[in-house]
Amino acid sequence: MRKLVSAGEILVEIMAERIGQSFLEPGPLLGPYPSGAPAIFIGQAAALGQPAGLIGAVGDDDFGRLNIDRLRALGADVSAIAVHTGHATGTAFVTYRADASRHFVFNIRNSASGLIETDAAATNLLACADHVHVMGSSLFSDRAIAVALSAIETVKAKGGTVSFDPNIRREIMQASGMRAALDHVLARADIFLPSGEELFLFSSAKDEKGAADELLARGLSCIVLKKGAAGAVYHDHHGAVASSGFAVDEVDPTGAGDCFGAAFVSFWLRGAAPAEALRIANACGALAVTRKGPMEGIFPLEAVEAFIATGNTQ
Ligand code: ADP
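This one's a predicted model, so the numbers in the text were calculated from it and none came from an experiment.

Cut-offs applied
- Residues numbered from 1 in each chain as written.
- Predicted model: local features only at pLDDT ≥ 70, side-chain atom pairs only at ≥ 80, totals over all residues.
- Heavy atoms only, no water.
- Pairing = 2+ DSSP bridges.
- Helix = DSSP H or I, 4+ residues; strand = E, 2+ residues; numbered from the N terminus.
- Axes fitted to C-alpha atoms, helices over the stretch in contact; angles between N-to-C directions.
- Contact = heavy atoms within 4.5 Å.
- Disulfide = S-S within 2.5 Å.
- Buried < 20%, exposed > 50% of the residue type's maximum accessible area, 1.4 Å probe, protein only.

With respect to the sheet that holds strand E6 (residues 90–96)
Phase 1 of the analysis: With mixed pairing, the four strands of this open sheet are ordered in space as E3-E2-E6-E7. Each edge of the sheet is formed by a strand with only one pairing partner; in this case those strands are strand E3 (29–35) and strand E7 (102–107). Going from strand to strand, the sheet's axes swing by 20° on average, the running direction of each strand aside.
Phase 2 of the analysis: Two strands pair when backbone bridges link them, and strand E2 (residues 11–16) and E3 are joined in this way by five bridges, in the antiparallel orientation. Residue pairing in the sheet places Val12 in a bridge with Pro34 of E3.
Phase 3 of the analysis: Sitting on the sheet, helix H2 (residues 62–74) touches E2, E3 and E6, and the angle it makes with E3 is about 55°.

Brief notes about the state of the cysteines
Phase 1 of the analysis: For the structure shown, the criterion picks out zero disulfides.
Phase 2 of the analysis: Sulfur of Cys259: no disulfide; nearest cysteine sulfur belongs to Cys284 and is 6.7 Å away.
Phase 3 of the analysis: By relative accessible area, Cys259 is classed as buried at 0%.

Observations concerning unusual backbone geometry
Trans is the prevailing form of peptide bonds, just as negative phi is the prevailing case for residues other than glycine.
Phase 1 of the analysis: For the bond running from Gly31 to Pro32, omega is 5°, close enough to zero to count as cis.
Phase 2 of the analysis: In this fold, Pro32 is placed in strand E3.
Phase 3 of the analysis: Positive phi, close to 80°, is recorded for Ala100, a residue that is not glycine.
Phase 4 of the analysis: Tracing the backbone shows Ala100 in the loop between E6 and E7.
Phase 5 of the analysis: Residue Ala100 is classed as exposed on the basis of its relative accessible area of 56%.
Phase 6 of the analysis: Even without being glycine, Asn167 reaches a positive phi, approximately 35°.
Phase 7 of the analysis: By the element assignment, Asn167 lies in the loop between strand E9 (161–165) and helix H5 (178–188).

Take a look at the structure:
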């Protein structure tokens, strides 16, 4: 099977227990939960049986061990996660607002994640990789951008493929070259996985079909537009395939897009038809929102298939 690699931020999430809870005063917290968009993605892919590994860095601390242990338990290759003494593992504190938006306090660039590099272990992992997935949030510093771009070039040079999820997190995406890097990654991508309005950040068109056509003409193989509870729509040069979401009670939306993307890319790599890849991806996205914590809703393929067999579409 083809091997999937991603590179980027690894952190723990600590969640305010109450909706609208302020971080300006003490309050009840939940967590730590293992997190970081590329870590969630690689964890979900591995849980589905996809060979998958992550390039990143953690501190020599409990939060780092929590992440590595979880990824290993899910079946991911953790050989290229560097463990640094002297730097703590990254953190994200999140509070949910009444309008369902999220407020984050991130510490990524100044954490161990900021030390990400293409070291010997990362080079070894990339030597056996066939596909690279890039998260926009992983382009959080010039150094992280360099790692992502070199992973893309290594894999492309041997005929591999690239997927890209803009995963815009304005709180952390402040690298000077970030916009140019987003455009560069998109230009090298085969699969583009925007969520909602992110589609229009890369196109001058005003409607979904216009934007999809414009982006496909620039060289993408396909675009998968994530639409929250409504599911997703796949676009390629032959047309579009829409797939309804599954009806679930959402308790925490964080991680849904990453789990969805991991499932779609894993099944695309296996040669699945778009409708089948979308069905598995919608199921993984739906299961992700049923648990508090970004990686707590990751399930193995058998459980995802059982959910699909009993699950109701919207
Ligand atoms: P992102 O997390 O990247 O913003 P979405 O919110 O669109 O992306 O969620 C990604 C996918 O997860 C959706 O396309 C859908 O399959 C699934 N999903 C998200 N929220 C729900 C929900 N409330 N109910 C069912 N499925 C959901």
